[in-house]
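# Topology and contacts: notes
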Amino acid sequence: DDQSIYRFRGATIENILSFEKQYPASKVVRLEQNYRSTQSILNAANAVIARNTGRKGKKLWTSNGPGAPITIYEASDESAEASFVANRIISESKGKNFKDFAILYRTNAQSNTLEYALKRNAIPYRVIGGTRFFDRAEIKDMLSYLCVIHNRSDELRLRRIINVPARGLGAKAVEAAERMAAAEGKGLYHVISDPYSYGPLEKAATKFMRFTVLIEELAMLLENGMALPEFYDEVMARTGYVEMLENKGTEESKTKLENIRELKSSILAYVQNSESPTLAGFLEEVALYTDLEEFNDSDDAVVMMTMHSAKGLEFPHVFL
C-alpha cells in the first residue's frame, strides 16, 4: 500500500484508507515480516516511508540480522556520482564478479552518465529492461545530425535524418537523388544541395534546399566559435526535433525528450575534460565508447536497470 504505482490505471490509496470505514467489521492484518532484506535496509526504508502522509503504517522487520550498513554519498553532480560508483565497483570487485553489482535509477535517461563512467573504467555492464543510451533511436538521430554537420559525406547518417522530423522528403525523392548522385559519381549531399540542377528533383527541390540550408547554417555557428553545449541546443531547436516530440505529447515522446536533452550532459562532460573541445573530438569519443560496448556482453557484468524493473531481484551490492 506504500507503493501507489498504478495510479495511471485508476488505483488510489484512498481505497485502502477508507476500507475499514466502509466495512467496520473487517480486520486488518499487517504483513510486516520481510524474508529477503537485512534489517539495516528495512530500517532505512521504514524511515523514508514514514514521512509519507495518508498511509496505514507498517514496521517491516526480518530475522536475517542487521547486515552491512548503508553508505550514503553526496556528490557534487551526476559525473562525480558516476565516478564514485565506478571507483567503488573497481575496489570492491577487484576485477571480477561484476554481476554481483547492480545500479538502480528512477528513469532510463539517468543511465547515460553512469554508462560513461563504467566505459571509461573498462567495467562490463548490461542494461536490463531498457536500451543502452547510445543505441536509442532518438540519440542516434541527434548524433546523426552532428555527424552530417561535421562530415557532409556521411551518407548513412544523412539518409537517417533527411526526413526526420518529417519534412516531405519521402523515400522516392531520396531514391531519385541517390540515382542522380550515382550517375554523376558525386555524393548525395552534393546533389541535394543543388537540386535545381537536376530535373527529376524539381518537385522536391525546395524541400531539399531547406534541409541543406539548415545544415549549413548550423555548421556556420560552429565556424563562428559557438561553444559545443550551446551549439547542441541550437541543433535540437532548429532541426524541429524538440518541437516534434513536444507536439506528440505521449509518455514515450516525453522520455525521448529527456534522453536527447541528457545527451547534452555527455557533451558538457567532454568539454570539461578536453583541452581543446571540438565536434570532431566529441564524435570520436562517442565512437570509441560505442565500439567498447561490443565487448561488454559478458555474463560477468554490472547490471543496470530502473528500480521498477528490479522488483524481486537480489544483488550483494546495490547502488541506488
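Please refer to the structure higher up on the page.
These remarks concern the structure in this document. (Residues numbered from 1 in each chain as written. Predicted model: local features only at pLDDT ≥ 70, side-chain atom pairs only at ≥ 80, totals over all residues. Heavy atoms only, no water.)

## Considerations on the packing of aromatic side chains
Using the criterion set out here, one finds five aromatic pairs in the structure. Judged by centre distance (3.8 Å) and plane angle (5 degrees), the rings of Tyr73 and Phe84 are stacked. One end of the pair, Tyr73, is in the loop between helix H3 (39-49) and helix H4 (78-93); the other, Phe84, is in helix H4, and eleven residues separate them in sequence. Among the residues examined, Tyr73 registers a relative accessible area of 44% and is labelled partly exposed. Between Tyr116 and Phe134, the aromatic rings sit 6.0 Å apart at their centres with planes inclined by 40 degrees, giving tilted as the arrangement. Linking Tyr116 in helix H5 (residues 111-120) with Phe134 in the loop between strand S2 (125-127) and helix H6 (137-150), this pair joins segments that are 18 residues apart in sequence. As far as burial versus exposure is concerned, Tyr116 and Phe134 are alike and both buried. (Phe/Tyr/Trp six-rings, centres within 6.5 Å; stacked < 30°, edge-to-face > 60°. Helix = DSSP H or I, 4+ residues; strand = E, 2+ residues; numbered from the N terminus. Buried < 20%, exposed > 50% of the residue type's maximum accessible area, 1.4 Å probe, protein only.)

## Describing H4
Taking 1.5 Å as the rise per residue, H4 with 16 residues should run 22 Å; its terminal C-alpha atoms sit 22 Å apart, in good agreement. Among the residues of H4, Ala82, Val85, Ala86, Ile89 and Ser93 are the ones counted as buried. On an axial view of H4, the arc spanned by its buried residues comes to 95 degrees, and they lie on one face. If you follow the buried residues of H4, they end up packed against strand S1 (101-105), H5, strand S3 (302-306) and strand S4 (317-319). At the exit of H4 stands Lys94, carrying a positive phi of roughly 55 degrees. (Expected span 1.5 Å × (residues − 1). Arc of directions from axis to C-beta. Contact = heavy atoms within 4.5 Å.)

## Regarding the pairing of S3
Of all five residues in S3, five are buried, a share of seventy percent or more. Here S3 shows a buried face lined by Val302, Met304 and Thr306 and a second buried face lined by Val303 and Met305. Looking at chain direction, S1 and S3 are connected through four bridges and run parallel. Residue pairing across strands places Leu104 opposite Met305, the latter belonging to S3. (Pairing = 2+ DSSP bridges.)

## Examining the pairing of S1
In terms of burial, S1 is a largely internal element, five of the five residues being buried. Burial along S1 is two-sided: the face carrying Phe101, Ile103 and Tyr105 and the face carrying Ala102 and Leu104 are both buried. Judged from the three bridges that link them, S1 and S4 form a sheet pairing that is parallel. Looking across to S4, one finds that Ile103 is bridged to Phe319.

## Let's talk about the side chain of Ser266
Along the chain, Ser266 turns up in helix H13 (residues 251-272). Within polar-contact distance, the side chain of Ser266 engages the side chain of Asn112 at 2.8 Å. (Polar contact = N/O pair within 3.5 Å; in protein donor to acceptor, adjacent residues only side chain to side chain.)

## Points about unusual backbone geometry
Backbone torsion omega between Val164 and Pro165 reads -5 degrees, so that peptide bond is classified as cis. Checked against the element boundaries, Pro165 lands in the loop between helix H7 (155-161) and helix H8 (171-184). The phi dihedral of Asn97 falls on the positive side, at around 55 degrees, and the residue is not glycine. Position of Asn97 among the secondary structure elements: in the loop between H4 and S1. A positive phi angle, near 55 degrees, is found at Ala122, a position not held by glycine. Looking at the element boundaries, Ala122 is found in the loop between H5 and S2.

## What about the sheet that holds S2?
Backbone hydrogen bonds are what pair the strands of a sheet, in a parallel or an antiparallel way. Read from one edge to the other, the open sheet built from four strands follows the order S2-S3-S1-S4, with strand pairing classed as parallel. Of all strands in the sheet, those bounded by a partner on one side alone are S2 and S4. Taken over all neighbouring pairs, the strand axes of this sheet differ in orientation by 20 degrees on average, direction set aside. Each of S1, S3 and S4 touches H4; the most contacted strand, S1, lies at about 160 degrees to it. (Axes fitted to C-alpha atoms, helices over the stretch in contact; angles between N-to-C directions.)

## Let's talk about the side chain of Ser265
As for its position among the elements, Ser265 is in helix H13. In this structure the side chain of Ser265 is engaged in a polar contact, spanning 3.4 Å, whose partner is the side chain of Asn112. Here Ser265 is in contact with Glu78, Asn112 and Thr113, once residues within four sequence places are set aside.

## As for the packing of H6 against helix H10 (residues 205-223)
Taken N-terminus to C-terminus, the directions of H6 and H10 make an angle of 80 degrees; their axes are 9 Å apart at the nearest point. One finds that H6 runs roughly perpendicular with respect to H10. On H10, the residues touching Tyr145, Val148 and Ile149 of H6 are Phe211, Ile215, Leu218 and Ala219. (Parallel < 35°, antiparallel > 145°, perpendicular 65-115°, else oblique.)

## Focus: the nonpolar core
The biggest cluster of nonpolar side chains holds 52 residues, and the ones touching the most others in it are Ile260 and Phe282. It is H6 that contributes the most residues to this core, eight residues altogether. The residues touching Phe282, leaving out its near neighbours within four places in the chain, are Tyr116, Leu143, Leu146, Leu263, Ser266, Ile267 and Tyr270. The next biggest cluster of nonpolar side chains, apart from the first, holds 17 residues, and it includes Ala82, Ile123, Val302 and Met304. (Core = buried A, V, L, I, M, F, W, Y, C linked by side-chain atoms within 4.5 Å.)

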